[in-house]
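Close look at the chain arrangement
Listed here are the chains, written in short residue letters.
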Amino acid sequence: MKLVEAEALRIEKASKTLWVAEFSVAEKLRGLPFEFAMIWVKGVDEIPLSIAWLDKQIVGFIFKIRGEGTRALSSIKRGDRVLMKIPLGKGFAPPSGTKILLVAGGVGIAPAPLLAKYCREVGCTLTIVWGVKSSDELCSPSSIWLDGVDLEVATEDGSQGFRGTALDLAMRIARDGVFDYVVAVGPRAMLRAFCREFPRDKCEKLVALETMVKCGMGMCGSCIVKPLPKLLCIDGPVFSCSEVMRHLELSNS
Ligand SMILES: Cc1cc2nc3c(=O)[nH]c(=O)nc-3n(C[C@H](O)[C@H](O)[C@H](O)COP(=O)(O)OP(=O)(O)OC[C@H]3O[C@@H](n4cnc5c(N)ncnc54)[C@H](O)[C@@H]3O)c2cc1C
Ligand code: FES
């Protein structure tokens, strides 16, 4: 993990619900898919965000405005500086030659570009299913570094792509294809449904969780994945369904 100062290059609204924040940093950074950063927005808060892309000295994030911290991040200007701790967490690094299906709900698309880059580099096959309520929540693949990726879209109102949820579409795709790993990232209710309903045939079912991250370095205990004795910032955010099913059942959000 490094503490770096980053300069804002691009902070823009990419769809009705999603924002993109891209920074340049002075040194070359490394990160694995699903690792995250703690971004310190001066005088406001420190926010955990998945690394969406990382290329030499450029790092990008995809986020949704939830409260004060993310609102402040959306209003920083090109040239403004932030501090970030990066990378944090334990990445998900599937072995070469494996087939992966990523099931992303809404802002759950955030870790997808870095996973796609990793897959290109090591030789994994990646299919991404991105589900949103309506097409105005989608952004163009090029604006989030997803050009040329096998990306299937599901909208609940049928305004683009498959009509239904990301999970509905992923189940349909999985009927005809074989995957080594199926990874879901999105709202908790979606993760719960995925772990309960997605057929297990030969694949490993994984979810990327969110809990309250404060220090990001295993020191404060706020990110505990109850009832497990595990910390999201050290052991996650990616866990197997079998491991976190009880955690998902306990939380009602
Ligand atoms: C490892 C990790 C990676 C993440 N990656 C992304 C990402 O790539 N893009 C993105 O948009 N968001 C991501 N998040 C969630 C993001 O950190 C929160 O949206 C952000 O911290 C909210 O801060 P805020 O100050 O804007 O809102 P706050 O004022 O802190 O909170 C606003 C509301 O959101 C709820 N909330 C805040 N944080 C969380 C959380 N972690 N889980 C559930 N509810 C929460 C609060 O309870 C409150 O109701 C990630 C979280 C974690 C733990
Ligand atoms: S956030 Fe402090 S221990 Fe994980």
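These lines cover the structure that appears in this document, whether it is placed above or below. (Residues numbered from 1 in each chain as written. Chains lettered and ligands numbered in written order. Predicted model: local features only at pLDDT ≥ 70, side-chain atom pairs only at ≥ 80, totals over all residues. Heavy atoms only, no water.)

1. Points about the overall build of the protein chain
Helices and strands together make up the secondary structure of the protein chain, namely 6 helices and 14 strands. A globule of 253 residues ought to have a C-alpha radius of gyration of about 18 Å, and the protein chain, at 17 Å, matches this closely. Along the first, second and third principal axes, the C-alpha atoms of the protein chain reach 45 × 40 × 35 Å. Looking at the protein chain alone, contacts between residues at least 24 apart form 63% of all its contacts between residues at least 6 apart. (Helix = DSSP H or I, 4+ residues; strand = E, 2+ residues; numbered from the N terminus. Rg over C-alpha atoms; globule rule 2.2 N^0.38 Å. Contact = heavy atoms within 4.5 Å.)

2. Concerning the sheet that holds strand 6 (residues 58–63)
Sheet architecture is open: 7 strands sit in the order 4-3-7-1-2-6-5, paired in antiparallel fashion. Edge strands, defined here as strands with exactly one partner in the open sheet, are strand 4 (45–50) and strand 5 (53–55). This sheet shows a mean twist of 30 degrees between the axes of neighbouring strands, independent of strand direction. When strand 1 (residues 2–13) meets strand 7 (residues 81–88), the two strands line up antiparallel, connected through 6 bridges. When the bridges of strand 7 are listed, Ala6 appears paired with Val82. (Pairing = 2+ DSSP bridges. Axes fitted to C-alpha atoms, helices over the stretch in contact; angles between N-to-C directions.)

3. Let's talk about the packing of aromatic side chains
One pass over the full model with this rule turns up 6 aromatic pairs. Between Phe23 and Phe61, the ring centres sit 6.1 Å apart and the planes meet at 70 degrees, which makes this aromatic pair edge-to-face. Remark: Phe61 occurs in strand 6 and Phe23 occurs in strand 2 (residues 19–25); sequence separation between them is 38 residues. With a centroid separation of 5.2 Å and an interplanar angle of 40 degrees, the aromatic rings of Phe194 and Phe198 are classed as tilted. A relative accessible area of 0% places Phe194 in the buried class. Every member of this aromatic cluster is reached through a ring pair, and the members are Phe34, Phe92 and Tyr181. The aromatic ring of Phe194 is capped on one face by Lys205, whose charged end is 5.7 Å from the ring centroid. (Phe/Tyr/Trp six-rings, centres within 6.5 Å; stacked < 30°, edge-to-face > 60°. Buried < 20%, exposed > 50% of the residue type's maximum accessible area, 1.4 Å probe, protein only. Lys NZ or Arg CZ within 6 Å of the ring centre and 35° of its normal.)

4. What to know about the environment of Ala110
Here Ala110 is to be found in the loop between strand 8 (99–105) and helix 2 (112–122). Distance from Ala110 to Val185, taken between C-alpha atoms, is 8.9 Å for residues 75 residues apart in sequence. Other than its neighbours up to four places away in sequence, Ala110 contacts Ser50, Ile51, Ala52 and Ile62.

5. Concerning a nonpolar patch on the surface
Taken together, the side chains of Met1, Met217 and Met219 make up a nonpolar region of the molecular surface, amounting to roughly 320 Å² of accessible area. Along the chain, Met219 falls in the loop between strand 13 (204–208) and helix 5 (232–235). (Patch = residues over 30% accessible without salt bridge, like charges linked within 9 Å, V, L, I, M, F, W, Y side chains within 5 Å. Areas by Shrake-Rupley, 256 points an atom, 1.4 Å probe, with all protein chains shown as cover. Salt bridge = Lys/Arg side-chain N within 4 Å of Asp/Glu carboxyl O.)

6. Re the site of ligand 1
Close to ligand 1 lie 21 residues; Pro48, Ile62, Gly67, Gly69 and Thr70 are nearest. Here an oxygen atom of ligand 1 sits 2.8 Å away from a polar atom, N or O, in the main chain of Gly69. Thr70 is positioned with one of its side-chain polar atoms (N or O) 2.4 Å from an oxygen atom of ligand 1. Calculation on ligand 1 without its partners gives an accessible area of 880 Å², and the protein chains cover 73% of this total. Secondary-structure elements contributing two or more residues to the shell around ligand 1 are strand 4, strand 6 and helix 1 (68–74). Per element, the largest residue contribution to the shell around ligand 1 is 5 residues, and it comes from strand 4. Residues that form the shell around ligand 1 fall into these classes: 11 nonpolar, 5 polar and 5 charged. (Near = heavy atom within 4 Å. Polar contact = N/O pair within 3.5 Å; in protein donor to acceptor, adjacent residues only side chain to side chain. Nonpolar A, V, L, I, M, F, W, Y, C, P; charged D, E, K, R; others polar.)

7. Concerning the state of the cysteines
The full count for this structure, using the stated rule, is 1 disulfide. A disulfide bridge connects Cys195 with Cys241, and the sulfur atoms are separated by 2.2 Å. The sign of the S-S torsion, about -75 degrees, decides the handedness of the disulfide formed by Cys195 and Cys241: left-handed. Taken as a pair, Cys195 in helix 4 (residues 188–197) and Cys241 in helix 6 (residues 241–250) lie far apart in primary sequence, 46 residues in all. By the burial criterion, Cys195 is buried, and Cys241 matches it. (Disulfide = S-S within 2.5 Å.)

8. Looking at the sheet that holds strand 10 (residues 150–155)
Across the sheet, which stays open at both edges, the 7 strands sit in the order 11-10-9-8-12-13-14 with mixed pairing between neighbours. One side of each edge strand has no neighbouring strand; the edge strands of this open sheet are strand 11 (162–163) and strand 14 (238–240). Alignment of strand 10 against strand 11, held across 2 bridges, turns out to be parallel. For Thr155, the partnering residue across the bridge sits in strand 11 and is Arg163. Contacts from helix 4 reach strand 8, strand 12 (181–185) and strand 13 within the one sheet, and its direction differs from that of strand 13 by about 170 degrees.

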